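Observations on the three-dimensional arrangement
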Amino acid sequence: MRDEKEGLHRQSVASDGALELLLNRRWILKSENKEAYYQVRDSIGELRSFVSEKLGCQIIENSLLVKMEKIPAAPESFMGIEEFTSKEEYAFFCILLMFLEDRDAEEQFILSQLTDYLSANMPDIRHGLNNSDPMSGDVSRGSPDVINASHSGGGIDWTVYTNRRHLIRVLRYAVSQGLLRVTDGSDDLFMDGQTGEVLYENTGTSRYFMRNFSRDIADYGHPEDFEKSEWFEMDEDRGLARRHRVYKRLIFTPGMYREKCPEEDFEYLKYYGRRLADELEQIFDCRVHIHRSSAFLLMGEECRMGKAFPGNNALSDILLLCFHEIQKRVEMGRAVLGNDTLSGKADVAGTADEMPDRSLGWGLSGNETIRVDQTEFERMLKSLKAEYGAGFPKNYREIPEGEFVREVMDAMEKWTFISREEETHRIVIWPAAGKLKGSYPEDFE
């Protein structure tokens, strides 16, 4: 009887696509999409039950919006705001949320009010904020002119174009997310010179953008402090927290890896993996693959759970070609070393001259990863561009070789297909790279 009830519950959760709507969007604003808003509200009881029990997430529902708070099991590099390119923009955005917190819904303000507030409340971050891009962790994009040293409280020099550009990028993002409306004016005038004015309206949704924390975060000094806060502490190894971690990793991330998870999470998959897979495959158009050291949720054509790879773009196609090349090299290495292939099903033939150098890697480790010398990995990407570049769009055909390598590796790292070991100068290729591949027709020239 228990299984029958659970089957009925899964069917009701999946029947109208409301769960996918919540997973696919930050939130659903009533003012922008009433049909989707009421579609989700009609199923709110079943949705709350599922996301609370399986994911440990909460659903916010009020007269303005419906939102599922999608808190990951662990932060990943791809979870930042893609529109932002610097830490200054994150700081500006947080202060913008503070600014809106004190204003009522539909209250209007002009841009100069916000710039004055930012200058008065920006902390002195000359030694902490101007070092790197938060999305990549290694690109110096911070502006040394963000701080006006003449302001003892921090201050911002709005005569500097970079600072104005950062703010406009933040404000445009806020408008796109429904936090603000532009009532009058154009931000291009401010971008070109500090005298431009824009009239904005607060929609009232900003107070739901950030998560409400159950403790004061003012004393936090490191990102790890958030992971240790009590909303990650129910029972780190057993019970609800373990189940929540497993579901979150499968649904919110490209892959789940033993090397990155507590051992207890794969113990959960060992005993409950089949039941979990059946449940998710009934709710979504997907397939769940569980292996010794990894697990994946592979979305079908009709599944809409958020941004997915591969996308309908040239860079995704190039990455698929790269994965095929990686799988070929692993298969050739297996023929020499007796290892398994990354995907377990590569169909590749090669001559002795084509065999990768054993000393450079391409063999699987016990946890299904591959560690390759970075120089060898970059050589593989350059070789791929030389062989298949004629089929690339013009921008990728003509891009300099070094820039091509950087862009492809950054995209792979963003999607967690690879990671970099800075100290050893090696590339870690994660098992997800063995789940997908692409190729040109055999007669491609």
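Coordinates for the structure precede this section.
Residues numbered from 1 in each chain as written. Predicted model: local features only at pLDDT ≥ 70, side-chain atom pairs only at ≥ 80, totals over all residues. Heavy atoms only, no water.

As for the environment of Gln327
Quick reminder of the rule: Secondary structure is summarised from DSSP: a helix means a run of H or I of at least four residues, a strand means a run of E of at least two, and numbering begins at the N terminus for each. Each residue gets one of three labels from its accessible area relative to the maximum for its type: buried under 20%, exposed over 50%, partly exposed in between, using a 1.4 Å probe on protein chains only.
Inspection of the secondary structure assignment puts Gln327 in helix H12 (residues 314-337). We classify Gln327 as buried; its relative accessible area is 3%. Taking the C-alpha atoms as reference points, Gln327 and Lys435, 108 residues apart in sequence, are found 9.6 Å from one another.

Examining the environment of Ala174
Rules: Residue contacts follow a heavy-atom distance rule, with two residues in contact if any of their heavy atoms lie within 4.5 Å.
Tracing the sequence through the fold places Ala174 in helix H7 (residues 161-176). You can call Ala174 buried: its relative accessible area is 0%. Spatially, the C-alpha atoms of Ala174 and Leu97 are 9.6 Å apart, while their sequence positions differ by 77 residues. Among residues more than four places away in sequence, those in contact with Ala174 are Leu96, Leu179 and Leu180.

What about the sheet that holds strand E8 (residues 286-290)?
Our working rule: At least two bridges found by DSSP between two strands are what make those strands a pair. Note on geometry: axes are lines fitted to C-alpha atoms, helical ones only across the stretch in contact, with angles between N-to-C directions running from 0 to 180 degrees.
Ordered by their spatial adjacency, 3 strands build an open sheet running E7-E9-E8, and the pairing between neighbours is antiparallel. The sheet is open, and its two edges are formed by strand E7 (256-257) and E8, each paired on a single side. As defined by bridge partners, E7 adjoins strand E9 (residues 294-299) across 2 bridges and the pair is classed as antiparallel. Directly across from Met256, in E9, lies its bridge partner Ala295. Those strands touched by helix H10 (residues 239-252) are E7 and E9, and its axis lies near 50° from that of E9. Most of the contacts of helix H11 (residues 263-283) go to E8, to which it runs at about 165°, and overall it touches E7, E8 and E9.

Describing H7
We apply this condition: By definition here, a helix of n residues has an expected span of 1.5 Å times n minus one.
Between its first and last C-alpha, H7 extends 22 Å over 16 residues, near the 22 Å set by a 1.5 Å rise per residue. Among the residues making up H7, those that are buried are Asn163, Arg164, His166, Leu167, Ile168, Val170, Leu171, Tyr173 and Ala174. If you follow the buried residues of H7, they end up packed against helix H5 (87-101), helix H6 (111-121), strand E5 (180-185), helix H8 (187-192) and strand E6 (198-202). Of the residues one or two after H7, Gly178 is the one with positive phi, at around 85°.

Brief notes about the nonpolar core
What tends to happen in soluble globular proteins is that the nonpolar side chains get buried as a cluster. Inclusion rule: Each nonpolar core is a collection of buried residues, namely Ala, Val, Leu, Ile, Met, Phe, Trp, Tyr and Cys, held together in the definition by side-chain atoms within 4.5 Å.
In terms of nonpolar packing, the biggest core is built from 40 residues, with Phe377, Met412 and Ile429 touching the most fellow members. Every element with two or more residues in this core is listed here: E9, H12, strand E10 (370-373), helix H13 (374-388), helix H15 (401-414) and strand E12 (426-429). Per-element accounting of this core gives the leading share, 9 residues, to H12. With 39 residues, the next largest nonpolar core counts Leu19, Val246, Tyr247 and Phe252 among its residues.

Here's the deal with the state of the cysteines
What counts is decided by this rule: Our working definition of a disulfide is a cysteine sulfur pair at a distance within 2.5 Å.
A full pass over the atoms with the stated rule returns 0 disulfides. Residue Cys286 stays outside any disulfide, its sulfur separated by 6.0 Å from that of Cys303, the closest cysteine. Classification of Cys286 as buried rests on a relative accessible area of 7%.

Overview of the pairing of E10
Along E10, the buried face is formed by Ile370 and Val372; none of Arg371 and Asp373, which line the opposite face, is buried. Taken together, the 4 bridges between E10 and E12 define a ladder with antiparallel strand orientation. Along E12, the bridge assignment pairs Val372 with Ile427.

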